[in-house]
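Chain by chain, the residues:
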Amino acid sequence: MKALQAQVMERMIDLRSDTCSRPTAEMRTAMAEAEVGDDVYGDDPTVKALEVRTAELLGKEDAVYVPTGTMTNQVALRCQTEPGDVILLHEQAHIHETEGAASSVLSGILPKFLPGSRGIFASGDVEACLTPGHRFAPSPMSGPVRMVCLENTHNVGGGAVWPLEDIQAVAQVTRFHETALHLDGARLWHATTATGITEAEYAASFDTISVCFSKGLGAPVGSCLVGSKELMVRARRFKQQFGGGFRQAGIIAAGALHALEHHRPRLQETHDNARRFAEGLAQLPQIEIDPASVETNIVRFQLTGIDAGDFVEEAYRRGVHMLPSGRDGVRVVFYLDIQARQVDEALSTIKESLKALV
Ligand SMILES: Cc1ncc(COP(=O)(O)O)c(C=O)c1O
């Protein structure tokens, strides 16, 4: 029995997150051979090369490499707000839901939530929050809105891509009201892959953009915050203050550079696998999913009459690892380590798991 369990673990198809990706042999070689220096003293040539390449891809003046996407987002907030300021963001934004309340603790920010399907909110709702109130309701009663944050692609929104026109409509409002606009672009690469709109075209609307190398791109560590030279000077200050000064970081930056060059062009494979998986799921009983809603590498589906916790436990025992999301929701994420044949294996394991549970 123990041996059987060990075999299942070895063959486990891990669909919890694209952060479960592992560096390839070529990436490990690039990392082992990286030239390094002390990044806190600005001496690491590989970190510098990564920052230059990322800024160039996003069409901005400068970039700062930090350990995590949470840190890039939080540095962006700290750079462009003061304690007591209000930020506008979607009610299911990663910045709010999954960053350990960091914006309240590190920046003293009050979040104000915007509604919207699949993480996408309306420029009219932003406008309504930024327009000064009537003179009988003086504005000092609530903190000033200093920043608006978008997420593209949207994680809880099932990898949904923000339409460029909607982003531009929000940017028009924030520019008019002189309010900062930040993009949590942890998976911006996927939006570009899905639409053909370049990262730079998306980035043009924003003051700051966070991009991650450690998700679908498959590097082990790291994210960049991108923006103007002036803002990135402030970003370096808060990177250090938040404990992000990471010395010979060139070793991991080399993994990120390798991922940009070799993995970024391959992301469509992960989208194709996600879509095929969703189409297979749609054929199964007790699963609700619209495969057409799968635009990138994230698949979210609902169960009917089965508890999501029981379902993911059963599938895990049989060799497919997924994340429950609430009582009846499940999240699955594809990345380059997952082969096309594993899509079929995962679907047949899910079918067996459903049979076992009814
Ligand atoms: C949309 C989004 N933003 C930010 C992050 C945070 O990245 P990290 O895990 O590197 O802190 C994640 C992590 O999955 C994410 O999905």
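What you are looking at is a predicted structure, and each value in this text was computed from that prediction instead of being measured.

A. Focus on the sheet that holds strand 9 (residues 287-288). Here we have four strands laid out as an open sheet, ordered 9-10-13-12, and antiparallel in their pairing. With one partner strand each, in any of the chains shown, strand 9 and strand 12 (323-325) form the two edges of the open sheet. Here strand 10 (residues 298-303) pairs with strand 13 (residues 329-333) via five bridges, running antiparallel. Across the sheet, Gln302 pairs through a bridge with Gly329, a residue of strand 13.

B. Representation of a negative patch on the surface in the model. Among the surface-exposed residues, Glu288, Asp307, Asp310, Glu313 and Asp328 lie close enough to one another that they form a single negatively charged patch. Its place among the elements puts Glu288 in strand 9.

C. Representation of the side chain of Asn152 within the structure. Following the sequence through the fold, Asn152 ends up in the loop between strand 5 (145-151) and helix 8 (164-176). A relative accessible area of 0% means that Asn152 is categorised as buried. A distance of 2.9 Å separates the side chain of Asn152 from the backbone nitrogen of Trp162, its partner in a polar contact. Those residues in contact with Asn152 that lie beyond four places of it in its chain are Ala160, Val161, Trp162, Ile167, Leu183, Asp184, Gly185, Arg187, Leu188, Ala191 and Tyr202.

D. View of the site of the ligand. Around the ligand, the neighbouring residues are Thr68, Gly69, Thr70, Asn73, His94, Glu99, Glu151, Asn155, Asp184, Ala186, Arg187 and Lys215. A distance of 2.6 Å is found between an oxygen atom of the ligand and a side-chain nitrogen or oxygen belonging to Thr70. In the model, an oxygen atom of the ligand is placed 3.0 Å from a nitrogen or oxygen of the Asn155 side chain. Bound to the protein, the ligand loses 85% of the 390 Å² it would expose on its own. Here the shell around the ligand gets three residues from one element, more than from any other, and that element is helix 4 (residues 69-80). When grouped by side-chain class, the residues that make up the shell around the ligand number one nonpolar, six polar and five charged.

E. Representation of the packing of aromatic side chains. Summed over the entire model, instances satisfying the criterion amount to seven aromatic pairs. Each ring, one from Tyr65 and one from Phe213, has its centre 6.2 Å from the other, and the planes form 55°; the classification is tilted. Remark: Phe213 occurs in the loop between strand 7 (208-212) and strand 8 (223-227) and Tyr65 occurs in strand 2 (residues 62-66); sequence separation between them is 148 residues. Geometrically, the ring pair formed by Phe121 and Trp162 is edge-to-face, given 4.9 Å between the ring centres and 80° between the ring planes. Remark: Trp162 occurs in the loop between strand 5 and helix 8 and Phe121 occurs in the loop between strand 4 (110-114) and helix 7 (123-130); sequence separation between them is 41 residues. Neither residue differs from the other here; Phe121 and Trp162 are each classed as buried. Following the ring pairs from residue to residue traces out a cluster consisting of Tyr65, Trp189, Phe213 and Phe246. Its end group placed over the ring of Tyr41, Arg247 keeps NZ or CZ at 5.8 Å from the ring centre.

F. View of the packing of helix 4 against helix 11 (residues 229-241). Relative to each other, helix 4 and helix 11 sit at 115°, their axes nearing to 9 Å. Here helix 4 runs over helix 11; the crossing is right-handed. Between helix 4 and helix 11, the residues in contact are Met71, Val75, Arg78, Cys79 and Gln80 and Leu231, Arg234, Ala235, Phe238 and Lys239, respectively. In terms of residue class, the contact of helix 4 with helix 11 is built from six nonpolar, one polar and three charged.

G. Quick look at the layout of surface pockets. Put simply, the largest pocket is a space of about 520 Å³. Cys129, Ser142, Gly143, Pro144 and Val145 are, among the 22 residues lining the largest pocket, the residues nearest its centre. Those elements giving two or more residues to the lining of the largest pocket turn out to be strand 4, helix 7 and strand 5. A total of three residues in the lining of the largest pocket trace back to one element, the largest contributor, which is helix 7. Of the residues contributing to the lining of the largest pocket, the split by class is 12 nonpolar, seven polar and three charged.

The rules behind the values
Residues numbered from 1 in each chain as written. Predicted model: local features only at pLDDT ≥ 70, side-chain atom pairs only at ≥ 80, totals over all residues. Heavy atoms only, no water. Pairing = 2+ DSSP bridges. Helix = DSSP H or I, 4+ residues; strand = E, 2+ residues; numbered from the N terminus. Patch = residues over 30% accessible without salt bridge, like charges linked within 9 Å, V, L, I, M, F, W, Y side chains within 5 Å. Areas by Shrake-Rupley, 256 points an atom, 1.4 Å probe, with all protein chains shown as cover. Salt bridge = Lys/Arg side-chain N within 4 Å of Asp/Glu carboxyl O. Lys, Arg positive; Asp, Glu negative; His and termini not counted. Charge placed at Lys NZ, Arg CZ, Asp CG, Glu CD. Buried < 20%, exposed > 50% of the residue type's maximum accessible area, 1.4 Å probe, protein only. Polar contact = N/O pair within 3.5 Å; in protein donor to acceptor, adjacent residues only side chain to side chain. Contact = heavy atoms within 4.5 Å. Near = heavy atom within 4 Å. Nonpolar A, V, L, I, M, F, W, Y, C, P; charged D, E, K, R; others polar. Phe/Tyr/Trp six-rings, centres within 6.5 Å; stacked < 30°, edge-to-face > 60°. Lys NZ or Arg CZ within 6 Å of the ring centre and 35° of its normal. Axes fitted to C-alpha atoms, helices over the stretch in contact; angles between N-to-C directions. Left-handed = near helix turned anticlockwise from the far one by under 90°. 1 Å grid on protein atoms, 1.4 Å probe; cavity = no way out; pocket = protein on both sides within 12 Å on 5 of 7 lines; lining within 4 Å. Points joined across faces, edges and corners; volume = space filled by probe spheres on them.

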